[in-house]
Amino acid sequence: MTIGQQARIVLVVGMMLMSAVAAPTKVQSQPSGQERDAPSVFDGVLSNIAGTSEISTARLRAALTDSSAIILDARPYDEYAVSHIPGARAVPVKPGTTPALYVGDAAEVVKSIPDKAQPLILYCNGLFCGRSERLADDLMKLGYQNVRRYQLGAPGWRALGGVMQVEKPALMRLLAQDTTSVLIDGRTKAGLKPRLRNAVLIPLTEASEAKDDGRLPMTDHTTRIFVVGTDGTEARAVAEAIVHDAFHNVTFFGGAITDLPELLEDEEG
């Protein structure tokens, strides 16, 4: 065998070895067929056995966007007031209900939503919560034809990046009770009167910047964060920006800052 032949053999063997080393790396960098075909987490449902069907987070978002369904919160009002999916309606308690078997009053739903063909979506406190199931069953018995459940509930909505809304009585109580909570003034820097007492100023354009300068609680991303703005639309936009920066306990006040006179600084002097 000549030297030239030997050199060619070494070259071929070397190329084969390089291909063998590179191949696993290439395979690892590509998702498997199973991974590519896996459903989005937003399309997932619990698939629990009940008398009504479930919808996914993606479908709930779509229903909220196009107002194709009325969203009912099947929890007690005090829980609803602390944090509820924006746009959801509270349902009064059914008389005689115990805490263990709590259920909303379907008869009250009939009064406010008489159209039995109206699509309804119910939710409560997640995977093991039976409140939405019980209310759904009662509504079906009364003749409602299109009742579905978001069984992932408030915890699932929040975990998948959904912002929550707080009612004024709960906001006032929680700010007084939870000294670790953060109150955010989401208004733009222009025209800040009246001032929100003990609030951190984070306008929408500075939401990400606030992670670096200490305005957001970086050591505990589950800290309660309340956002108030000129109105509910502005507050929600800031709250959603903060949620998208990986904070998991963010709610916004749906009213105007002027609806909270108890939290405003005295401008005299």
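Above this text you will find the structure in question.
None of these values were measured; they are calculated from a predicted model.

1. A short note on the overall build of the protein chain
Here is step 1 of the chain: In terms of helices and strands, the protein chain carries nine helices and ten strands.
Here is step 2 of the chain: Burial statistics for the protein chain: of 269 residues in total, 41% are counted as buried.
Here is step 3 of the chain: For the protein chain, contacts bridging at least 24 residues in sequence account for 65% of all contacts bridging at least 6.
Here is step 4 of the chain: Of the roughly 14,800 Å² of accessible surface on the protein chain, 57% is carried by carbon and sulfur atoms.

2. What about the nonpolar core?
Here is step 1 of the chain: Counting residues in each nonpolar core, the largest one holds 17 residues, and the members touching the most others are Leu72, Leu120, Leu122, Leu135 and Leu139.
Here is step 2 of the chain: Within the residue set of this core, elements represented by two or more residues are strand 2 (70-73), helix 5 (106-112), strand 4 (120-123) and helix 6 (131-141).
Here is step 3 of the chain: In terms of residues, this core owes the most to one element, helix 6, which gives three residues.
Here is step 4 of the chain: Among residues more than four places away in sequence, those in contact with leucine 135 are Ala74, Val91, Val103, Gly104, Asp105, Ala106 and Leu122.
Here is step 5 of the chain: Among the nonpolar cores identified, the runner-up in size contains 16 residues, and Ile225, Ala235, Val238 and Phe252 belong to it.

3. A short note on helix 3 (residues 57-66)
Here is step 1 of the chain: Restricting attention to buried positions, one finds in helix 3 the residues Thr57, Leu60 and Ala63. Looking straight down helix 3, one finds its buried side chains confined to an arc of 120°; they lie on one side. Opposite its buried face, helix 3 presents the exposed residues Arg59 and Thr65, each directed more than 90 degrees away.
Here is step 2 of the chain: Buried residues along helix 3 sit in contact with strand 2, strand 4 and helix 7 (153-159).
Here is step 3 of the chain: Trailing helix 3 by a residue or two, serine 67 shows a phi angle of about 55°, which is positive.

4. Describing the pattern of salt bridges
Here is step 1 of the chain: Within the structure shown, the criterion is met by twelve salt bridges.
Here is step 2 of the chain: Notably, a salt bridge pairs glutamate 108 with lysine 111, separated by 3.1 Å at the nearest N-O pair. On the criterion of helical spacing, the pair formed by glutamate 108 and lysine 111 is a turn pair, its members being three residues apart in helix 5.
Here is step 3 of the chain: You can call glutamate 108 partly exposed: its relative accessible area is 28%.
Here is step 4 of the chain: The closest approach of N and O atoms between aspartate 213 and arginine 215, which form a salt bridge, is 2.7 Å.
Here is step 5 of the chain: Taking the relative accessible area as the measure of exposure, aspartate 213 reaches 39% and is therefore partly exposed.
Here is step 6 of the chain: Since its relative accessible area comes to 17%, arginine 215 is described here as buried.
Here is step 7 of the chain: Where salt bridges share partners, they join Glu206, Glu209, Asp213 and Arg215 into one cluster.

5. Description of the sheet that holds strand 6 (residues 164-166)
Here is step 1 of the chain: One open sheet holds the five strands; their spatial order is 6-10-9-7-8, and the pairing between them is parallel. Two strands in the sheet have a free side with no partner beyond their single neighbour: strand 6 and strand 8 (200-201).
Here is step 2 of the chain: Here three bridges tie strand 9 (residues 225-228) to strand 10 (residues 250-253), and the two strands are oriented parallel to one another. Looking across to strand 10, one finds that valine 227 is bridged to phenylalanine 252.
Here is step 3 of the chain: Against the sheet, helix 9 (residues 232-243) contacts strand 7 (182-185), strand 9 and strand 10, and its axis sits at roughly 170° relative to strand 10.

6. So, the pairing of strand 9
Here is step 1 of the chain: Side chains Ile225 and Val227 project from strand 9 onto one buried face, and the interleaved Phe226 and Val228 project onto a second face that is buried too.
Here is step 2 of the chain: In the classification by handedness, the crossover that spans strand 9, the intervening helix 9 and the parallel strand 10 is right-handed.

7. Digging into the side chain of asparagine 249
Here is step 1 of the chain: When you line up the elements, asparagine 249 lands in the loop between helix 9 and strand 10.
Here is step 2 of the chain: A polar atom in the side chain of asparagine 249 sits 3.2 Å from the side chain of arginine 158.
Here is step 3 of the chain: Other than its neighbours up to four places away in sequence, asparagine 249 contacts Arg158, His221, Thr222, Thr223, Arg224 and Ile225.

Cut-offs and rules
- Residues numbered from 1 in each chain as written.
- Predicted model: local features only at pLDDT ≥ 70, side-chain atom pairs only at ≥ 80, totals over all residues.
- Heavy atoms only, no water.
- Helix = DSSP H or I, 4+ residues; strand = E, 2+ residues; numbered from the N terminus.
- Buried < 20%, exposed > 50% of the residue type's maximum accessible area, 1.4 Å probe, protein only.
- Contact = heavy atoms within 4.5 Å.
- Areas by Shrake-Rupley, 256 points an atom, 1.4 Å probe, with all protein chains shown as cover.
- Core = buried A, V, L, I, M, F, W, Y, C linked by side-chain atoms within 4.5 Å.
- Arc of directions from axis to C-beta.
- Salt bridge = Lys/Arg side-chain N within 4 Å of Asp/Glu carboxyl O.
- Pairing = 2+ DSSP bridges.
- Axes fitted to C-alpha atoms, helices over the stretch in contact; angles between N-to-C directions.
- Right-handed = clockwise from strand over helix to strand, strands pointing away.
- Polar contact = N/O pair within 3.5 Å; in protein donor to acceptor, adjacent residues only side chain to side chain.

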